[in-house]
Amino acid sequence: MNGIAVLVAAALAFGLVALAILLWSLGSGQYDDPDGDALRILIDDADD
Amino acid sequence: MAALAAAPAPAADLSRYVRHRGDCASVEIAVRGARCANCIAKIERGVSALAGVHEARLNLSTGKLSVAWHGHADLAWTIIERVKSLGYEAFPFGAAEALDDTHMEGRALLRRLAVAGFGTVFVMGLTDAVWYGGSDMTAATRDLFYWLAAAVSVPATLYAAMPFFASAYKSLLKRQTNMDVPIGAAILLSLGLSLYQTVTHASHTYFDAAIMLTFLLLIGRYLDFSLRNHAQGAARHLLALQSILSRRFDFSGNLETVAAADLATGDRIFLAAGERTAVDGVLEDATDADLSLVTGESVPVTLPKGAVMRAGSVIMGRPCVLRATARVESSLVADLARLLEAGQQTRNLYVRLADRAARAYVPFVASASLAVLAAWLAMGADLATSVTNAVAVLIITCPCALGLAVPAVQTVATGRLFERGVFVKSGDALERLAQVDVAIFDKTGTLTLGTPELVDADIPRDVLEAAAKLARASRHPLARALAKAAGTGPVASGVREEAGSGLEAKGDGVTERLGNATWCGAREVAHASELWFRTGDNPPVRFSFGDRLRADSADTVRALESRGLAVEMLTGDAEAPAAMSAKKAGIAHWLARVTPTEKAARIAALKAQGHRVLMIGDGINDAGALAQAHVSIAPGSAVGVSQLAADMILRGDALFQVAEAVGVARKARVLVLENFALAGLYNLIAIPVAAFGLVTPLIAAAMMASSSLLVTLNALRLARTGP
């Protein structure tokens, strides 16, 4: 029973961390310009 | 006047576009023409190099350049000038609020999707354990798992399914049912039933079904949203480009640049050649103007002093002064925008296939559920069992597959059309396109290329060369067409342009004139699409111009007819050119000299006869007809208002995509109906199973997932098959 408690808590924590990271990336605008981001990789720019 | 025209445009007051935060100012600029990595680098570096600018970022998806800098708001003008000097069109972006709203909607949907995805995985982990290990599990462990599942799935589902609840509520307020009513009911009921079963230590719960349902449906909803958003972004961009800047004389007689929205009645506006008017007004000088936005015809018209010029006209001759008689919002262009809005509203009355299915579906499912309840009670079962089975019927018949079916098909269809150069603005436009039985084409700019072209082949090369030397000095479309026909070459020196008449050059003591019949002393009836050329006292030579048909116009008409559509042509042009174009394109039914109102009236008449009309047009004179038609397509060269009014926009010069779009739309409709049939078949099996109380959560989940998968796979067939 203790094993289950630990495992469930760990699974929930992992899931929530992943969710938090996804929501953060969403909030920081990483999905705002898919067309532009696809092309930006082609720009030769050392300081960017 | 000439000196004024040559002077650079003075800085405009752009403060209403500039946002301030501390000592940091920022502005959003709509940029048109940027398409590649190079463009991004060029624009961002060019703007960043300006003193004070610390951030410049171009969003290629929305076409917006965001710039932030330290210092005065005036820099906004310099930034726009810099982007223009790099070779792109740039305008301050006014409609920031509207854009932000949609932007937030998209992010909110993604957030809900993320939460639902997380919830699905987590809850499935818990319930799968019960399904497969249930026999080895103590009742206490099972209850713990269910409580954990409830703790995650109840808040996650309620949060993620909010769009469905909101839409169902709105629909119920109007005393109607849409797809979201059974969806919302199924989600709430399965959560409620599962909580009840958890409390009563029952062996089955549906927490996983509720959250998985929400997750799958949100995918469909997000597909639908991106489809709409992608298209509306282009439309909003056009609107932003209409926020024109104007130059007016202030009290002391100096020119100042103001936003078009700030122009007042009575303002004297200075217009150089090539500038577009933002308001209706009266001319204080004679000039040539391109009224194509108003009339749809591209040949410029000479306007005398005192003539009324409508908003949207472009000055082609001498610089002039216009006295404003209306503000921007009461000018012609704004009137048209309102007309379009009215058209959009009537179009909103169209009921989507999915919602039409829902209207038949909801009463059926509700009565089936009630029948099950009554039957179980009649057979002497206790209330809890009877209600559980009745609710199970509602849950398992939830139109999950339907919610995914239509957006999946439409996303595949629009994606495929996009590759072929057709930009579809909304999913229901495809549904409407599949129903059309009459296609109406505009002539100028739609069936034809819309730009005049020299048609006389028997003009001696040296005469053409001599005339082209003059023509190269002018912006007049006919002169340009002449210059194009002659190719590159020298320009005559000392060319003088007389507005409304023509060009004159005095070289080697011989006067050369290029212009209309009177200007060159020809004694023939003046015709709009011809130029005369005279050297000294020689008899004048005539150059005739025609509007060339698009290369694939005839093929398109044939293809549409072979798909069973009746094709007509309506044009504002005269009979003779209309007859010629119609013959070449193979159109038997056509009308010439049709006013914009008559075009719309013709469509209304066809509608009254029960026809579904597809309108293809490009000019502002077509905008009313485009909005009136069942579905409409505008070529990419169309004016902004027409692109706004149309449901689909073509890229490139070809017209054949119209026929392709009809084909894809019909195929999509067949697939949607197939998907409905698949979903119906699934219910045929599911309802009896649920009615006899045999549904376990495992069966529910398997059926839901498999039917969604089946429907999506069926949609993907559209991407594979030929046109």
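Figured I'd write up the structure that's included with this text. All values derive from a computational prediction rather than experimental measurement.

Residues and elements named next belong to chain B. Looking at helix 18 (residues 553-562), one finds that the buried residues are S553, T556, V557 and L560. Buried residues along helix 18 cover an arc of 100 degrees about the axis, so they all sit on one side. Buried-residue contacts for helix 18 involve strand 16 (438-442), helix 15 (443-447), strand 22 (541-549), strand 23 (566-570), helix 19 (575-585) and helix 23 (657-691). One or two steps after helix 18, the chain reaches G564, where phi turns positive at roughly 90 degrees.

Below, the discussion takes up the environment of F207(B). Within the fold, F207(B) resides in helix 8 (residues 207-241). The residues contacting F207(B), other than those within four sequence positions of it, are V123(B), T127(B), A149(B), A150(B), S153(B) and S194(B).

Further remarks concern the interface of chain B and chain A. The partner chain A presents 19 residues to the 18 residues of chain B that form the contact. Those elements giving two or more residues to the side of chain B that touches chain A turn out to be helix 2 (37-48), strand 3 (53-59) and helix 4 (96-133) of chain B. Here the side of chain B that touches chain A takes nine residues from helix 4 of chain B, the largest share from any one element. The class makeup of the residues in the side of chain B that touches chain A is 13 nonpolar, three polar and two charged.

We now examine the pairing of strand 8 (residues 268-271) of chain B. Each regular strand shows side chains that alternate between the opposite faces of the sheet. Residue and element names in this part refer to chain B. Where burial is concerned, the two faces of strand 8 differ: the one with I269 and L271 is buried and the one with R268 and F270 is not. Relative to strand 14 (residues 320-324), strand 8 runs antiparallel, the two being bridged by four bridges. Each residue of the ladder has a partner; that of F270, found in strand 14, is V321.

All names here are of chain B. Along its 22 residues, helix 5 (residues 139-160) runs 30 Å from first to last C-alpha, staying within 8% of the 32 Å computed at 1.5 Å per residue. The axis of helix 5 is deflected most strongly, by about 25 degrees, at S153, and proline P155 appears within four residues downstream. Inspection of helix 5 places R142, F145, Y146, L148, A149, V152, S153, A156, T157 and A160 among the buried residues, and these make up the whole buried set.

Thresholds, definitions, all that
- Residues numbered from 1 in each chain as written.
- Chains lettered and ligands numbered in written order.
- Predicted model: local features only at pLDDT ≥ 70, side-chain atom pairs only at ≥ 80, totals over all residues.
- Buried ≥ 20, exposed ≤ 12 C-beta atoms within 10 Å, placed from the backbone.
- Helix = DSSP H or I, 4+ residues; strand = E, 2+ residues; numbered from the N terminus.
- Arc of directions from axis to C-beta.
- Contact = placed C-beta atoms within 7 Å.
- Nonpolar A, V, L, I, M, F, W, Y, C, P; charged D, E, K, R; others polar.
- Pairing = 2+ DSSP bridges.
- Expected span 1.5 Å × (residues − 1).
- Bend = angle between axes of the 7 residues up to and from the residue.

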